[in-house]
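Coordinates in review
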Amino acid sequence: MATSIGNYEVISNDNKQVILKNYVHGGCFPKESDMEVIAGSIGATEMKLNVPQGSTGVFVKNLFLSCDPYMRGRMSPKRPGAYSDSFIPGSPITGYGVARVLDSGHPDFKKGDLVWGLTGWEEYSLITATQGLFKVHDTDVPLSYYTGILGMPGMTAYAGFYEVCSPKKGEYVFVSAASGAVGQLVGQFAKLSGCYVVGSAGSNEKVDLLKNKFGFDEAFNYKEEQDLDAALKRYFPEGIDIYFENVGGKMLDAVLLNMRLHGRIAVCGMISQYNLGQPEGIHNLAHLILKRIRMEGFLVIDYYHLYQKYLEMVLPQIKAGEIVYVEDIVEGLENGPAALIGLFTGRNVGKQVVVVARE
């Protein structure tokens, strides 16, 4: 039996799924118990692994699923101005993933194709809105990379850094949440552009990763800094030209004090605010005026038309070893809820990926 939810249909029998049990309201951290793994009692081999007659959708076997901070907002009731729908209690959650096409009613996809895009947190999905699917053509890299560096997070880093911030050689770049799926790439893009780059992270292990794996010039553990303004002045005595914003709150306030004239801030996310009942206020916005700073929020969906251009840049860099990518991989759909919740406590090191199947 299939039921339609948003842009895909849920295969509700014979199909292991992660469902949202209850909405998570503001001021509360999500818990594993807010989700439930439901296992079908009949083997998947007995399912009808095909697209219904007349459908232009694709039926896929999910291989890798992506855990991303934006999914926290979708666990709450509909928010004013939200750019994505809330999950529906009692139904599977959805997110980015990599899958293999088992059957297709769409002329652009055929059986056997590998794709990445929005899919269900389940073993099998019938995706009816295929405009958000991208074919995987290059398999000389790990398929899981299409949940990260070659997928939505990679495009986010590319769009925010190059398109929003327009970096110039020699500029000073600061990246918060720098060891995550997006931040680790922004820092490496900055170094390849000839910039000086500093990152912040939430553990000494992550700080070491930033400096010794990703090639950041400097990095610091924000949890060990009593005064963020002083910390930024220590690492940026001449100020910051570009800030890639992932956390918000007190860090953003401190950064505003340390921006240089005509600085740019790309607002990608504000993970420090997602579980607060009342978001923290920002007190230093006057610096936007005084220093003629451009601060711009962006959504990756507005830049997907540049995906091919991005691949032409980044694939050779990956294969030449100029860019490295760190993943935190957990095996099994049943471990997906714990992996997703771990994002909000900083448990993950690198891009958090859930393996559903390895073909």
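As a starting point, this report considers the structure included with it. (Residues numbered from 1 in each chain as written. Predicted model: local features only at pLDDT ≥ 70, side-chain atom pairs only at ≥ 80, totals over all residues. Heavy atoms only, no water.)

Observations regarding the overall build of the chain
What counts is decided by this rule: A run of DSSP states H or I qualifies as a helix once it reaches four residues; a run of E qualifies as a strand once it reaches two. Both are numbered from the N-terminal end. The size measure is the radius of gyration over C-alpha atoms, and the globule rule it meets is 2.2 Å times the number of residues to the 0.38 power. Three labels apply to residues, based on accessible area from a 1.4 Å probe with only protein chains included: buried if under 20% of the type maximum, exposed if over 50%, partly exposed otherwise in between. Note on contacts: a residue pair qualifies if any of its non-hydrogen atoms lie within 4.5 Å across the two residues. To be clear on the numbers: accessible area is Shrake-Rupley with a 1.4 Å probe, and residue cover counts the displayed protein chains and nothing else. Positive charges are assigned to Lys and Arg, negative charges to Asp and Glu, while His and the chain termini are left out of the count. Charge positions are represented by NZ for Lys, CZ for Arg, CG for Asp and CD for Glu.
Each helix and strand counted, the chain has nine helices and 17 strands in total. Taking 2.2 N^0.38 as the reference for a compact globule, 359 residues should give roughly 21 Å; the C-alpha atoms of the chain span a radius of gyration of 21 Å, in line with that estimate. With respect to the three principal axes, the spread of C-alpha positions in the chain is 65 × 45 × 35 Å. Residues classed as buried in the chain amount to 55% of the 359 residues present. Across the chain, contacts joining residues at least 24 apart in sequence account for 69% of those joining residues at least 6 apart. Only carbon and sulfur atoms are counted for the fraction: they give 52% of the accessible area of the chain, which is about 15,300 Å². Once the 33 positive and 39 negative side-chain charges of the chain are each reduced to a mean point, those two points are 3 Å apart.

Structural notes on the pattern of salt bridges
Condition: Salt bridges are defined by distance alone: a side-chain nitrogen of Lys or Arg within 4 Å of a carboxyl oxygen of Asp or Glu.
Under the counting rule described, the total for this entry stands at 15 salt bridges. Here Lys31 makes a salt bridge to Asp34, at a shortest N to O gap of 3.5 Å. Given the relative accessible area of 44%, Lys31 is considered partly exposed. By relative accessible area, Asp34 is classed as buried at 7%. Where Asp241 meets Arg260, a salt bridge forms, and the shortest distance between an N and an O atom there is 3.2 Å. Remark: Arg260 occurs in strand S14 (residues 259-267) and Asp241 occurs in strand S13 (residues 240-245); sequence separation between them is 19 residues. The exposure class of Asp241 is buried, given its relative accessible area of 7%. The exposure class assigned to Arg260 is partly exposed, which follows from its relative accessible area of 28%. Linked by salt bridges that have partners in common, Lys110, Asp113 and Lys135 make up one network.

Regarding the side chain of Lys351
The cut-off we apply is this: Polar contacts, as used here, are pairs of N or O atoms within 3.5 Å; protein pairs need one atom able to donate a hydrogen and one able to accept it. Residues neighboring in sequence count only if both atoms are side-chain atoms.
For Lys351, the location among the structural elements is in strand S17 (residues 351-355). Lys351 sits in the buried class, given a relative accessible area of 1%. Here Cys67 takes part through its backbone oxygen, which lies 3.2 Å from a polar atom of the side chain of Lys351.

Quick word on the packing of helix H2 (residues 152-164) against helix H3 (residues 183-192)
Between two packed helices, the angle of one axis relative to the other and the distance separating the axes together describe the packing. Heads up, the condition is: Only the contacting stretch of a helix is used when fitting its axis, a line to C-alpha atoms as for every element, and angles between N-to-C directions run 0 to 180 degrees. To sort the angles, those under 35 degrees are grouped as roughly parallel, those over 145 as roughly antiparallel, those from 65 to 115 as roughly perpendicular, and the leftovers as oblique. Rotating anticlockwise by less than a right angle from the far helix to the near helix defines a left-handed crossing, while the corresponding clockwise rotation defines a right-handed one. Residue type decides the class: Asp, Glu, Lys and Arg count as charged, Ala, Val, Leu, Ile, Met, Phe, Trp, Tyr, Cys and Pro as nonpolar, and the leftover types, Gly among them, as polar.
Relative to each other, H2 and H3 sit at 45°, their axes nearing to 9 Å. Overall, the two elements H2 and H3 adopt an arrangement that is oblique. Once H2 is placed against H3, the crossing between them reads as right-handed. Facing Pro153, Gly154, Ala157, Tyr158, Phe161 and Tyr162 of H2, the residues of H3 in contact are Leu185, Val186, Phe189 and Ala190. Grouping the constituent residues of the contact of H2 with H3 by class yields nine nonpolar, one polar and no charged.

Let's talk about the nonpolar core
The test is simple: To qualify as a nonpolar core, a set must consist of buried Ala, Val, Leu, Ile, Met, Phe, Trp, Tyr and Cys residues joined through side-chain atoms within 4.5 Å.
Core analysis: the biggest nonpolar cluster contains 81 residues, and Trp116, Ile149 and Leu150 have the highest contact counts within it. If you tally residues by element for this core, the top one is H2, at seven residues. Core analysis: the second largest hydrophobic core is formed by 20 residues, Tyr235, Leu252, Ala254 and Val267 among them.

Quick look at the sheet that holds strand S10 (residues 172-175)
Where we set the bar: Pairing between strands is defined by DSSP: at least two bridges between them are needed.
One open sheet accounts for six strands, arranged S12-S11-S10-S13-S14-S15; its pairing is parallel. Each edge of the open sheet carries a strand with a single partner, namely strand S12 (218-221) and strand S15 (294-297). Taken over all neighbouring pairs, the strand axes of this sheet differ in orientation by 15° on average, direction set aside. Here S14 runs beside S15; their pairing, made up of four bridges, is parallel.

Section: the packing of H3 against helix H8 (residues 307-319)
Their axes nearest at 13 Å, the elements H3 and H8 cross at an angle of 85°. Relative to H8, the element H3 lies roughly perpendicular. Within the contact between the two elements, H3 uses Leu185, Phe189 and Leu192 and H8 uses Tyr310, Met313, Val314 and Gln317. Residues belonging to the contact of H3 with H8 are distributed by class as follows: six nonpolar, one polar and no charged.

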